[in-house]
Amino acid sequence: MTQYDLNTQLEERFAFRTILPEEDEQAAKIEQICFPPNEACTEKMMCERTHQVPDLFLVAIDRETGKIAGFLNGSATKESKFRDEFFADTKLHDPDGENIMLLGLDVLPEYRGQGLAKEIVFRYMQREAARGRKKLILTCLDSKVGMYQKMGFQDEGIANSSWGGEQWHEMSCIL
């Protein structure tokens, strides 16, 4: 299957859009499924993000069920280094920020291995570049570095983050 065929197949199966306010609890539940308790944001934090910064969410909606299959969310900033406070404090969002701190890529287990995460990230990159953003920055565990490198991110080394008591890599992608 070519990349074009895969993209077409994903486009037929999923609708890609900004999150809706009424999808806040659904997003919070997906976060709890996709991340261990020490790494997942709380339901309260997810609801704050969906209501205060919905335009920095990109959700993939399963056209058959009408439910969220996966999503990516972030926070805009003028800062260039990731810090844990971005996870918990939506007030750090700066609509004029040229960088996006990616806070979570969530894909439900039944949708994994189909290219959906890569498609969500690719579409997010396109959308934010069109908005004039310069860089995406994220943190990930060692086991995910290769996945993000395949998506165009560069490993910047060990992050200044201890979210969830873990050691993270900081990765970035110029848009």
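Further up the page is the structure itself.
Throughout what follows, the structure given in this document is the object of discussion. (Residues numbered from 1 in each chain as written. Predicted model: local features only at pLDDT ≥ 70, side-chain atom pairs only at ≥ 80, totals over all residues. Heavy atoms only, no water.)

## Overview of the side chain of Ser 172
Its place among the elements puts Ser 172 in strand E7 (residues 169-174). Looking at Ser 172, its side chain comes within polar contact range of the side chain of Glu 156, at 2.7 Å. The contact partners of Ser 172, leaving out residues within four places of it in the chain, are Lys 135, Leu 136, Ile 137, Gly 152, Phe 153, Gln 154 and Glu 156. (Helix = DSSP H or I, 4+ residues; strand = E, 2+ residues; numbered from the N terminus. Polar contact = N/O pair within 3.5 Å; in protein donor to acceptor, adjacent residues only side chain to side chain. Contact = heavy atoms within 4.5 Å.)

## What to know about the pattern of salt bridges
Under the criterion given, the structure shown has 12 salt bridges. For Glu 11, the salt bridge is made with Arg 63, and the minimal N-O distance between the two is 3.5 Å. Placement of the pair is Glu 11 in helix H1 (residues 3-13) and Arg 63 in the loop between strand E2 (57-62) and strand E3 (68-77), with a sequence separation of 52 residues. One network of salt bridges, with partners in common, ties together Glu 11, Arg 63, Glu 119 and Arg 123. (Salt bridge = Lys/Arg side-chain N within 4 Å of Asp/Glu carboxyl O.)

Nothing here speaks to function; it is geometry throughout.
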